[in-house]
Amino acid sequence: MDGGFAEYVLTEAAFAGRVPDGVDPLDAAPLTCAGVTTYKAVKVSGARSSDLVAVFGIGGLGHLALQYAQIAGATVAAVDVVDAKLDVAKRLGATYTVNSAFADPVAEMQWLGGADVAIVLAATPKAYEQAFACLRPNGTLVGVGLPADNIMRLPIFETVLRGIKVVGSLVGTRVDLAETFELHADGRTEIVRETRSLSQVNEAMAEVEAGRVEARLVFDLRP
């Protein structure tokens, strides 16, 4: 149903997911968006143990994507343009971090042998093109971020001759959401979040647009 930024909403019961006991509602909010979206992206990628997964964009989605990749057994390289977000990635277990504002992520990833998987959460075509170039032969590029500039350059020879797969991943299913909740209830994921009151909605939007938020903002509606 239409509506949002409200204390109560009306929805079809068949499409309402139950938050398990033991999951903080303030954690459940990011899990139902960033969590299920990146969990599905990691599933789509086919990441497994011994893989190197490059996550482009460490924020509300990326800090969870790197955790799901690690749960799958992969080694994670985090790529962003903000050192504070890369610090979060390190704290959450990323083995490698690259600030692409100062270093070439393609050279860094290829020096490591190339990424088996690159998951793009950043909303720029440049990030997509860098992620593609980071891949080793038979690697997989998973697109999640939606840039306003809707076009990326895809080199045909490299795609064909190196067996590169390019796939898109959009949110997830109710089963994916249930699994996302289960992982969090088991203590296997951590939500990086800050809370705001509903009266601060406009200021919160401005903070996100200015890139001043480490990961996620959550409205706490409790009195």
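Look above for the structure.
Sequence order sets the numbering: in each chain, residues are counted from 1 along the sequence as written. Local features in this predicted model are restricted to residues of pLDDT 70 or higher, and side-chain atom pairs are both shown and tallied only at a pLDDT of 80 or more, whereas totals for entire chains, interfaces and linings draw on every residue. To get the side-chain values, all heavy atoms of the structure are used, and hydrogens and water are removed first.

A. Spatial organisation of the nonpolar core. Core analysis: the biggest nonpolar cluster contains 36 residues, and V53, V55, L66, Y68 and I119 have the highest contact counts within it. At the level of secondary structure, the elements contributing two or more residues to this core comprise α1 (25-45), β1 (52-56), α2 (62-71), β2 (75-80), α3 (83-91), β4 (115-120) and α7 (174-185). Here the element with the most residues in this core is α1; it accounts for 7 residues. Residue contacts are defined here by distance: any two heavy atoms, one from each residue, within 4.5 Å place the two residues in contact. Sequence-distant contacts of V55, defined by excluding residues within four places in its chain, comprise G62, A65, L66, V76, A77, A78, V79, I119 and L121. Here the nonpolar core consists of buried residues drawn from Ala, Val, Leu, Ile, Met, Phe, Trp, Tyr and Cys, with membership extended through side-chain atoms lying within 4.5 Å. Here's how the labels work: a residue is buried when its accessible area is under 20% of the maximum for its type, exposed when over 50%, partly exposed in between, all with a 1.4 Å probe on protein chains only. Within the second largest apolar cluster, 19 residues are counted, among which are L52, A118, A131 and L135. Every helix listed is a DSSP run of H or I at least four residues long, and every strand listed is a run of E at least two residues long, numbered separately from the N terminus.

B. Examining the sheet that holds β4 more closely. Pairing between two strands requires that DSSP report at least two bridges joining them. Taken in spatial order, the 6 strands of this open sheet run β3-β2-β1-β4-β5-β6, and their pairing is parallel. Looking at which strands have only one partner, the edges of the open sheet turn out to be β3 (96-99) and β6 (165-168). Taking the axes of each pair of neighbouring strands and ignoring which way they run, one obtains an average angle of 20° across the sheet. Taken together, the 4 bridges between strand β5 (residues 135-143) and β6 define a ladder with parallel strand orientation. From the neighbouring strand, T140 faces β6, where its bridge partner is K165. Between N-to-C directions, angles cover 0 to 180 degrees, with each direction set by a line fitted to C-alpha atoms, over the stretch in contact for helices. Against the sheet, α3 contacts β2 and β3, and its axis sits at roughly 175° relative to β3.

C. Quick look at the side chain of R196. Its location among the elements puts R196 in strand β7 (residues 193-196). Here R196 falls in the buried class, since its relative accessible area comes to 15%. Once residues lying within four places of it in the same chain are set aside, the contact partners of R196 are A204, E207, L217, V218, F219 and D220.

D. Structural view of the side chain of S169. Its location among the elements puts S169 in the loop between β6 and α7. On the basis of relative accessible area, S169 is assigned to the buried category, the value being 7%. In contact with S169, not counting residues within four places along its chain, are T37, K40, A41, V44, V142, G143 and V144.

E. Spotlight on the pairing of β2. By the criterion of burial, β2 is predominantly enclosed, with 5 of the 6 residues buried. Looking at chain direction, β1 and β2 are connected through 5 bridges and run parallel. Within β2, the position partnered with V55 by the bridge is A78. For β2 and β3, the ladder comprises 4 bridges, and the chain directions are parallel. Residue pairing across strands places D80 opposite N99, the latter belonging to β3. When the strands point away from the viewer, a crossover counts as right-handed if the route from the first strand across the helix to the second turns clockwise. For the crossover from β2 across α3 to β3, the handedness is right-handed.

F. Molecular detail of unusual backbone geometry. Phi is positive for S50, which is not a glycine, with a value near 80°. Take S50: its relative accessible area is 69%, and that puts it in the exposed class.

G. Looking closely at the pattern of salt bridges. By convention in these notes, a salt bridge is any Lys or Arg side-chain nitrogen within 4 Å of a carboxyl oxygen on Asp or Glu. Counted according to the given criterion, the structure contains 10 salt bridges. The salt bridge partner of R193 is D27, with a shortest N-O separation of 2.7 Å. Within this pair, whereas R193 is found in strand β7, its partner D27 is found in helix α1, the two being separated by 166 residues in sequence. Since its relative accessible area comes to 28%, R193 is described here as partly exposed. A salt bridge links D220 to R222; the nearest nitrogen and oxygen atoms lie 3.0 Å apart. In this structure, a network of salt bridges that share partners links the residues D24, D27 and R193.

H. Local environment of α3. Within α3, the full set of buried residues consists of K85, L86, V88 and A89. The arc enclosing the buried residues of α3, seen along the axis, measures out at 150°, which places them on a common side. Contacts made by the buried residues of α3 are with α2, β2 and β3. Positioned one or two residues after α3, G93 has a phi angle of 110°, which is positive. Working note: the arc is built from the helix axis to C-beta atom directions.

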